[in-house]
Amino acid sequence: MKNRQLIWRICCSLAILLMVLAFSPVFIPTGVISPKLMGMPYTLWSGILLCIVMVVITYVATLAHPGREEQPTDGNA
């Protein structure tokens, strides 16, 4: 149970950190289009990568959510 709370808090912290960084000059530099990846400018491919990372964090967080019900072990549904 404590493991799940730790994972939940780590996921929340990572999500907040990534969102703060997403709106900072780290992900949105002014007037920078290089380095390009498969013809996409930096802002576009870094935004796509950020989105994929957020989806993975959200998935892990749903598995570790403190309010998630445990599966019944006694066979009663």
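Everything below is about the structure shown above.
Summary of the structure given here. Given the structure is predicted, the values throughout are model-derived calculations rather than measurements.

Note that arginine 4 resides in helix α1 (residues 2–22). Polar side-chain contacts of arginine 4 include one of 3.1 Å to the backbone oxygen of histidine 65.

For the rest of this paragraph, the subject is helix α2 (residues 42–64). Between its first and last C-alpha atoms α2 spans 33 Å; for 23 residues at 1.5 Å apiece the expected length is 33 Å, and the two agree. Buried residues of α2: Tyr42, Ser46, Leu50, Met54, Ile57, Ala61 and Ala64, and no others. Here the buried face of α2 lies against α1.

Here leucine 50 is to be found in helix α2. When the C-alpha positions of leucine 50 and methionine 19 are compared, they lie 8.9 Å apart, and in sequence the two are 31 residues distant. Ignoring anything within four residues of it in the chain, the contact list for leucine 50 reads Leu18, Met19, Ala22 and Phe27.

The subject of this paragraph is the nonpolar core. Considering soluble globular proteins, one finds that nonpolar side chains tend to be buried as a cluster. One finds Cys11, Ala15, Leu18, Ala22, Phe27, Leu50, Met54, Ile57 and Ala61 forming the largest nonpolar core, which totals nine residues. Secondary-structure elements contributing two or more residues to this core are α1 and α2. Residues in contact with alanine 22, not counting those within four places in the same chain, are Phe27, Ile28 and Leu50.

Calculation criteria
Residues numbered from 1 in each chain as written. Predicted model: local features only at pLDDT ≥ 70, side-chain atom pairs only at ≥ 80, totals over all residues. Heavy atoms only, no water. Helix = DSSP H or I, 4+ residues; strand = E, 2+ residues; numbered from the N terminus. Polar contact = N/O pair within 3.5 Å; in protein donor to acceptor, adjacent residues only side chain to side chain. Expected span 1.5 Å × (residues − 1). Buried < 20%, exposed > 50% of the residue type's maximum accessible area, 1.4 Å probe, protein only. Contact = heavy atoms within 4.5 Å. Core = buried A, V, L, I, M, F, W, Y, C linked by side-chain atoms within 4.5 Å.

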